[in-house]
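Each chain, letter by letter, is given below.
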Amino acid sequence: TWHLKKVPQIVSERTFSLESPKFEAKTKLELNSVCGIECQRKLPVPSLSDLKDILSYETVFENGTRTLTEVNVLGLMLDPAENMTTRTSSRKKRQIYGTDSRFSIYDKRFMTNFPFNTAVKISTGCSGILISPKHVLTAAHCLHNGKDYVKGSKKLRVGLMKMKSKGNGRKRKGAKRNGMPAFQWTRVKSTHIPRGWFKGVSGDIALDYDYAVLELKRPHKRKYMELGISPTIKMMPRSMIHFSGFDNDRSGQLVYRFCSISDESNDLFYQYCDAESGSTGSGVYLRLKEPNKKKWKRKIIAVYSGHQWVDVNGEQQDYNVAVRITPVKYAQICFWIHGNDENCTQG
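Residues numbered from 1 in each chain as written. Predicted model: local features only at pLDDT ≥ 70, side-chain atom pairs only at ≥ 80, totals over all residues. Heavy atoms only, no water.

As recorded in an unreviewed UniProt entry, the protein goes by Inactive serine protease 35 and comes from Casuarius casuarius. The UniProt entry for the protein carries this comment under Sequence similarities (unreviewed entry): "Belongs to the peptidase S1 family." Entered under Subcellular location (unreviewed entry) in the UniProt record, the comment concerning the protein runs "Secreted". (UniProt positions renumbered as here; feature names shortened; annotations may be inferred.)

Structure (structure tokens):
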């Protein structure tokens, strides 16, 4: 069951202008994480002052201007517990683990309906997910390498899947066959990235804040997926997660997968879902029952960050990693969507 939790309030304190980014960074779809499972276990729980710095955020607008917004965090209940992890057996392979268990979605009845229609393509080569009529959630590293914004992010676009082509319905020679989606591209009005991403990369505490929200220039009319606060592995049916994206090795196809989470820390899920680059930034979701109802509901609980090498017992081991939506991240993303904290009291 989805359990509603009271979330902290993110309140804007002041916003000031920064110089425009250079937009010269190379897009890097696979990151080398320094802080792995053992490292995560030893990290202290961030203090309130740390969180205020981490959750302050940069906004880049389509004209290239940039601002920094400093925030305060109200109503925060700090958990003194150490970063939690679960021990699992060691496996050493790369992004596809054994038999490839991914599904390419060809049937347009599925592709153009919920939940698959919430998957979007980002013009820098990643995936994302619709979280409101005007907002898309994706990974921060799809837009910023920790020091500068990537090439192409100045004129960022989001591709929404469509199956119907304009015209009189006749199939032109060379037209795409059913099952290969076309995209309706929309310009991005602004981009929000938490400062924890910049600090994380420079301070070798990578990935915890690898998420970003894009505000579209024009709203869409599709059903989007709501945010949820990430439960622990024990609270998930068979610890099963799902996500869909546009893997580079299956060009033009929407690729869906599901798997069980193998390990977790306070901010990350470690799993062996088969995924190639291009699917990074996908929204990771699960399906639970709503309280006091018989209905099942899907919610986004994490952002897929990609394939990572992490330290486990002094050895380099690889996982596919997702960034969990914690109560403070939920509050921040909700604040970005609504522009206030009044709609973000329950997660």
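Text resumes after the structure shown.
1. What about the overall build of the protein?
For the protein, the count of helices and strands is five helices and 16 strands. Relative to its 347 residues, the protein shows a buried fraction of 53%. Accessible surface for the protein amounts to roughly 16700 Å². Of this, 49% is attributable to carbon and sulfur atoms. (Helix = DSSP H or I, 4+ residues; strand = E, 2+ residues; numbered from the N terminus. Buried < 20%, exposed > 50% of the residue type's maximum accessible area, 1.4 Å probe, protein only. Areas by Shrake-Rupley, 256 points an atom, 1.4 Å probe, with all protein chains shown as cover.)

2. Section: empty space enclosed by the protein
Within the structure shown, the criterion is met by three cavities of 30 Å³ or more. The computed volume of the largest cavity comes to approximately 90 Å³. Along the walls of the largest cavity sit 13 residues, with Val 60, Phe 61, Ser 153, Leu 156 and Thr 191 positioned nearest its centre. Mapped onto the lining of the largest cavity, the elements with two or more residues apiece are strand E2 (57-61) and strand E9 (182-194). Here the lining of the largest cavity gets four residues from one element, more than from any other, and that element is E9. Residues of the lining of the largest cavity, tallied by class, amount to seven nonpolar, three polar and three charged. Of the voids in this model, the second largest cavity is the one considered here, and its volume is about 50 Å³. Lining the second largest cavity, in full, are Pro 115, Phe 116, Thr 118, Ala 119, Gly 128, Ile 129, Ser 244, Ser 282, Gly 283 and Tyr 285. For the lining of the second largest cavity, the elements supplying multiple residues, two or more each, are strand E6 (127-130) and strand E14 (283-289). Class assignment for the residues of the lining of the second largest cavity results in five nonpolar, five polar and no charged. (1 Å grid on protein atoms, 1.4 Å probe; cavity = no way out; pocket = protein on both sides within 12 Å on 5 of 7 lines; lining within 4 Å. Points joined across faces, edges and corners; volume = space filled by probe spheres on them. Nonpolar A, V, L, I, M, F, W, Y, C, P; charged D, E, K, R; others polar.)

3. Focus on the confidence of the model for the protein
Here the protein averages 80 in pLDDT, while 78% of its residues score no lower than 70. Under a pLDDT of 50 for its full length, residues 85-94 has, in the predicted model, 30 contacts with residues more than four places off or in other chains. The low-confidence segment residues 167-176, where pLDDT is below 50, has three contacts with residues more than four positions distant or belonging to other chains. (pLDDT = per-residue confidence, 0-100. Contact = heavy atoms within 4.5 Å.)

4. Focus on the packing of aromatic side chains
Overall, the coordinates contain 10 aromatic pairs when judged by the stated rule. Ring geometry for Tyr 57 versus Trp 336: centroids 5.4 Å apart, planes at 75 degrees, classification edge-to-face. With Tyr 57 in strand E2 and Trp 336 in helix H5 (residues 327-338), this pair connects stretches of sequence that are 279 residues apart. Judged by relative accessible area, which is 7%, Tyr 57 ranks as buried. A relative accessible area of 5% means that Trp 336 is categorised as buried. By the ring-pair criterion, three or more aromatic residues cluster together here, those being Tyr 57, Tyr 209, Tyr 211 and Trp 336. In this structure, Lys 223 packs its charged tip against the face of Phe 114, placed 4.3 Å from the ring centre. Seen from the ring of Trp 296, Arg 287 lies directly overhead, with NZ or CZ sitting 4.6 Å from the centre. (Phe/Tyr/Trp six-rings, centres within 6.5 Å; stacked < 30°, edge-to-face > 60°. Lys NZ or Arg CZ within 6 Å of the ring centre and 35° of its normal.)

5. Comments concerning a positive patch on the surface
A surface patch of positive charge is lined by Lys 154, Lys 155, Arg 157 and Arg 187. If you trace the backbone, Arg 157 turns up in strand E8 (residues 157-162). (Patch = residues over 30% accessible without salt bridge, like charges linked within 9 Å, V, L, I, M, F, W, Y side chains within 5 Å. Salt bridge = Lys/Arg side-chain N within 4 Å of Asp/Glu carboxyl O. Lys, Arg positive; Asp, Glu negative; His and termini not counted. Charge placed at Lys NZ, Arg CZ, Asp CG, Glu CD.)

6. Section: helix H2 (residues 48-55)
Those residues of H2 that fall on the buried side of the exposure criterion are Leu 51, Ile 54 and Leu 55. Taken down its axis, H2 places every buried residue within 85 degrees of arc, on the same side. (Arc of directions from axis to C-beta.)

7. Some thoughts on the state of the cysteines
Applying the stated rule across the entire model yields one disulfide. Paired through a disulfide, Cys 126 and Cys 142 show a sulfur-sulfur distance of 2.1 Å. What sets the handedness of the Cys 126 and Cys 142 disulfide is the S-S torsion sign, and at about -95 degrees it is left-handed. A residue pair is termed long-range when its members are at least 10 positions apart, and Cys 126 in the loop between strand E5 (119-122) and E6 and Cys 142 in the loop between strand E7 (135-138) and E8 qualify at 16 residues. Cys 142 shares its class with Cys 126; the two are buried. (Disulfide = S-S within 2.5 Å.)

8. Considering the nonpolar core
General note: in soluble globular proteins, nonpolar side chains tend to be found buried as a group. Among the nonpolar cores identified, the biggest contains 67 residues, and Leu 55, Ile 131, Leu 137, Val 158, Tyr 211, Leu 227 and Ile 333 are the most heavily contacted of them. With eight residues, H5 is the largest single contributor of residues to this core. For Leu 55, the residues in contact, after removing those within four places along its chain, are Ile 10, Val 71, Val 73, Tyr 209, Tyr 211, Val 328 and Gln 332. By size, the runner-up hydrophobic cluster in this structure holds 17 residues, among which are Val 284, Leu 286, Ile 301 and Ala 322. (Core = buried A, V, L, I, M, F, W, Y, C linked by side-chain atoms within 4.5 Å.)

9. Focus on the side chain of His 135
In this structure, His 135 sits in strand E7. Using a relative accessible area of 5% as the deciding quantity, one classes His 135 as buried. Within the structure, His 135 has its side chain in polar contact with the side chain of Ser 132 (distance 2.7 Å). Those residues in contact with His 135 that sit more than four places away from it in its chain are Ile 129, Leu 130, Val 213, Leu 214, Glu 215, Trp 336 and Ile 337. (Polar contact = N/O pair within 3.5 Å; in protein donor to acceptor, adjacent residues only side chain to side chain.)

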